[in-house]
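Examining the three-dimensional arrangement
Here's the letter readout for the chains.
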Protein chains: 2
Amino acid sequence: MKISFCCTDTKAEPWLAGLRAALPGDEVEQWEPGAPPVDYAVVWMPPQQFLDEQPQLKALFNIGAGVDALMKMRLPLHAAVVRLDDAGMSVQMAEYVSHAVIRHFREFDGYEADVKQGKWSYRKPRLRTDFPVGVMGLGVLGERVATTLRQFEFPVLGWSRSPKEIPGMQCFSGDAGFEDFLSATRILVCLLPLTPGTQDIMNRKNLSRLMPGGYVINVARGAHLVDEDLIALIDSGHLAGATLDVFRTEPLPPAHPFWQHPRITVTPHTSARTLREESIAQIAGKIAAVQAGLTISSLAGVVDPKKGY
Amino acid sequence: MKISFCCTDTKAEPWLAGLRAALPGDEVEQWEPGAPPVDYAVVWMPPQQFLDEQPQLKALFNIGAGVDALMKMRLPLHAAVVRLDDAGMSVQMAEYVSHAVIRHFREFDGYEADVKQGKWSYRKPRLRTDFPVGVMGLGVLGERVATTLRQFEFPVLGWSRSPKEIPGMQCFSGDAGFEDFLSATRILVCLLPLTPGTQDIMNRKNLSRLMPGGYVINVARGAHLVDEDLIALIDSGHLAGATLDVFRTEPLPPAHPFWQHPRITVTPHTSARTLREESIAQIAGKIAAVQAGLTISSLAGVVDPKKGY
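Because the structure is predicted, anything quoted here is derived from the model rather than measured.

Another aspect to go through is the overall build of chain A. A tally of helices and strands in chain A yields ten helices and twelve strands. The C-alpha radius of gyration of chain A comes to 21 Å, within 12% of the 19 Å expected for a compact globule of 309 residues. Expressed as a percentage of its 309 residues, the buried residues of chain A come to 54%. Sequence-distant contacts in chain A: of pairs separated by 6 or more residues, those separated by 24 or more amount to 60%. Carbon and sulfur atoms provide 53% of the accessible area of chain A, an area that totals close to 13400 Å².

As structure tokens, this is what we get:
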């Protein structure tokens, strides 16, 4: 079988070496314009030309969890799109979000500022029952994050498009459950896929429904959040602040107000990085399984084009 | 039964109200010099005079997990010393230590410094297998911390005085296992009781045995750590840094080098705070159980005077 590697902003050599070692019977090449069509492709933000040159492609393996960019492109007719399915990302997400939730709840930023001034400060312990965390998006990453936060004994709520059940937490779903979910949430974590239905979901109307003193953690996509609405609600005092890892434009433009806002913590899209070894093992395993007879549609991470994730 | 409340640096009224509500058949009073002797006492750093005036005391309930200060005093002959047994502390410890471990491992301090300078930075993801965490002290708090860190998929090692078994981690014990424990540890977490045997345990000799790039998290007692040895090993480059919540003298004296050291994070003894409601419920429950016939020695948290914890 022929496999093409076509990833923007990615050092190709170690991926090629890893994929070749894992799939010794196959031909793995970096794509070049005009190269013969292939059976499988490993992609990240491929050019449209690549997709247009693949009449026989069976599957596109995206080396990230989010496929929103790919879903806006013209895809080969019969190719399945397959997302990374965890591959070491869920533990990173659990770490990132736990760190942000704990840091906010325990006021470690405030202690740090006090210590910088040489102040041994006292702050009254807060009650974790006053800080219910609502996780939007209950896929592999969202469920892992929610479960981890439960272990820290926070009240945890979940919200997803279709109904889910996760032990130890109340799960809401669909438009019908959204207002109730928001109004019972103080710390909002966004782990939704980006689709036309979820774009701008963190707007003034929805963020206003959070409990007073609400806090926003966005680790999904920048376009889920209406930047100016977040800033207005923080500046008005309804929200306490935010930790943001993803932005409408990345890198975050130098003039953007998020950089300097005292109640917003910015990180450079680092919450869950693609881990090469884990990803190669997962993708090679899936290709081998399909070659051994498994139907592509039964692979974990296959995207439903109607849903967009 | 008569119960005395004798706690330094603690607002008495809410404790008295809570204990009286929980033990309606008993007399709960704040101690005053010369008051009649009592049957039970709820204490935190009590004056020696209080202890000397208690010939009939059955038990001293310490409103903290560490009893090192109490064990240095002259105690009533037949009184058991009972520590808080979790009472909402283990989840706080798990939070504090997870936050410190994640912050160090994920380089969030570095990202924060970059963002302050308007830099959208790239750092190569580190492998968690390169960051084994060693937890010293496997009591209620240590075991909770170790188990929580396992969920973040760090290799976790434990060390305790007497042999313990905790699923998913390698446990060492006693003097015989100490060197092997240290040399396999990169992030060292101290949750030991402070006893003559553990004082100064984090000294130059022992800290030198940690893996290069070692990191120290002390949430037990300041006297476990030899301050100048830690600083020397950080400054020499063998250790990467430390997060310290406890100190030989608290508040940390203004001239102490920890305040300003760029690789040491200081917090004002806030890792696990005594939670009043949880503690009152636990202590009142134990007193009620003893009055109902349970032997004091079978209570959770009873201190073995020979061990000192």
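Before going further, it helps to examine helix α9 (residues 227-235) of chain B. Residue and element names in this part refer to chain B. Listed as buried for α9 are D227, D229, L230, I231, L233 and I234. Close packing links the buried residues of α9 with α8 (204-208), β10 (214-218), β11 (239-244) and β12 (264-266). Positioned one or two residues after α9, G237 has a phi angle of 95 degrees, which is positive.

Looking now at the sheet that holds strand β12 (residues 264-266) of chain A. All names here are of chain A. Spatially, β8-β7-β6-β9-β10-β11-β12 is the arrangement adopted by the seven strands of the open sheet, whose pairing is parallel. On the outer flanks of this sheet lie β8 (170-173) and β12, each paired with one strand and no other. Neighbouring strand axes in the sheet, compared pairwise and without regard to direction, differ in orientation by 15 degrees on average. Against the sheet, helix α6 (residues 140-151) contacts β6 (133-136), β7 (156-160) and β9 (187-190), and its axis sits at roughly 170 degrees relative to β6.

Another aspect to go through is the interface of chain A and chain B. Across the boundary between the two partners, chain A contributes 46 residues, which contact 46 residues of chain B. Between chain A and chain B the total buried area reaches about 4000 Å² when both faces are included, carbon and sulfur atoms providing 61% of it. When the buried surface of chain A facing chain B is broken down by residue, E95, W120 and W259 of chain A rank first, second and third, together holding 21% of it. Residues E95 of chain B and R106 of chain A are paired through a salt bridge, measuring 2.8 Å at the closest nitrogen-oxygen approach. Within the residue set of the side of chain A that touches chain B, elements represented by two or more residues are α4 (89-105), α5 (108-116) and α6 of chain A. Element by element, the count of residues in the side of chain A that touches chain B is highest for α4 of chain A, at ten residues. Counted by class, the side of chain A that touches chain B contains 21 nonpolar, twelve polar and 13 charged residues.

Right, let's get into the sheet that holds β12 of chain B. All names here are of chain B. If you walk across this open sheet you meet the seven strands as β8-β7-β6-β9-β10-β11-β12, and the pairing is parallel. Edge strands, defined here as strands with exactly one partner in the open sheet, are β8 (170-173) and β12. Taking the axes of each pair of neighbouring strands and ignoring which way they run, one obtains an average angle of 15 degrees across the sheet. Taken together, the four bridges between strand β6 (residues 133-136) and strand β9 (residues 187-190) define a ladder with parallel strand orientation. Bridge pairing in β9 links V135 to V189.

Once turned by 180 degrees and shifted 0.0 Å along the axis, chain A lies on chain B with an RMSD of 0.0 Å. The relationship between the two copies is best expressed as a two-fold rotation axis. Minimal C-alpha distance to the rotation axis in chain A is attained by H99 of chain A, lying at 2.6 Å. Of the interface residues in chain A, 100% have counterparts in chain B that sit at the interface too, so the contact is made through matching surfaces.

Looking now at the environment of D180 of chain B. On the secondary structure map, D180 of chain B appears in helix α7 (residues 174-183). Residues D180 of chain B and G142 of chain B, 38 residues apart in the sequence, show an inter-C-alpha distance of 19 Å.

Attention shifts here to unusual backbone geometry. Here the amide bond leading from E250 of chain A into P251 of chain A is cis, since omega sits at -10 degrees, within 30 degrees of zero. Tracing the backbone through its elements, the reader meets P251 of chain A in the loop between β11 (239-244) and β12. You will see that D200 of chain A, though not glycine, has its phi angle at about 65 degrees, which is positive. Checked against the element boundaries, D200 of chain A lands in the loop between β9 and α8 (204-208). Positive phi outside glycine occurs at A87 of chain B, with the angle close to 50 degrees.

Structurally, the α-helix is built with 3.6 residues per turn, so residues lying three or four positions apart point the same way. All names here are of chain B. If you check which residues of helix α1 (residues 12-22) are buried, you get A12, W15, L16 and L19. Considered in projection along α1, the buried side chains sweep an arc of 100 degrees and stay on one side of the axis. Along α1, the residues that are exposed and aim more than 90 degrees away from the buried face are E13 and A21. Among the structural elements, β1 (2-7), β2 (27-30), β3 (40-44) and α10 (276-291) are those in contact with the buried residues of α1.

The next point concerns the pattern of salt bridges. Counted under the stated rule, the structure contains 32 salt bridges over all chains. Taking the shortest distance from any N to any O, the salt bridge between E112 of chain A and R103 of chain A comes out at 2.8 Å. Per residue, the accessibility class of E112 of chain A equals that of R103 of chain A, and both read buried. A salt bridge links K58 of chain B to D39 of chain B; the nearest nitrogen and oxygen atoms lie 3.7 Å apart. Here D39 of chain B lies in the loop between β2 and β3 and K58 of chain B lies in the loop between α2 (48-52) and β4 (59-62), a separation of 19 residues in the sequence. When salt bridges with common partners are traced through the structure, they connect E107, D114, K119, R123 and R126 of chain A into a single cluster.

So, on to the domain arrangement of chain A. All names here are of chain A. Looking at the assigned domains, one finds that chain A contains domain 1 (2-87 + 274-298) and domain 2 (90-266). Every contact between the two is made by seven residues of domain 1 and, on the other side, six residues of domain 2. Regarding the contact of domain 1 and domain 2, the summed buried area is about 560 Å², with carbon and sulfur atoms giving 43% of it. Together, D68, D86 and L275 form the three largest contributors to the area buried by domain 1 at its contact with domain 2, with a combined 66%. Joining domain 1 to domain 2, the criterion identifies one salt bridge. Our enumeration of links across domain 1 and domain 2 arrives at two residue pairs in polar contact (both at pLDDT 80 or more).

Cut-offs used in this document
- Residues numbered from 1 in each chain as written.
- Chains lettered and ligands numbered in written order.
- Predicted model: local features only at pLDDT ≥ 70, side-chain atom pairs only at ≥ 80, totals over all residues.
- Heavy atoms only, no water.
- Helix = DSSP H or I, 4+ residues; strand = E, 2+ residues; numbered from the N terminus.
- Rg over C-alpha atoms; globule rule 2.2 N^0.38 Å.
- Buried < 20%, exposed > 50% of the residue type's maximum accessible area, 1.4 Å probe, protein only.
- Contact = heavy atoms within 4.5 Å.
- Areas by Shrake-Rupley, 256 points an atom, 1.4 Å probe, with all protein chains shown as cover.
- Pairing = 2+ DSSP bridges.
- Axes fitted to C-alpha atoms, helices over the stretch in contact; angles between N-to-C directions.
- Buried area = accessible area lost by both parts, 1.4 Å probe.
- Salt bridge = Lys/Arg side-chain N within 4 Å of Asp/Glu carboxyl O.
- Nonpolar A, V, L, I, M, F, W, Y, C, P; charged D, E, K, R; others polar.
- Least-squares fit on C-alpha atoms with pLDDT ≥ 70 in both.
- Arc of directions from axis to C-beta.
- Domains from an automatic or database assignment.
- Polar contact = N/O pair within 3.5 Å; in protein donor to acceptor, adjacent residues only side chain to side chain.

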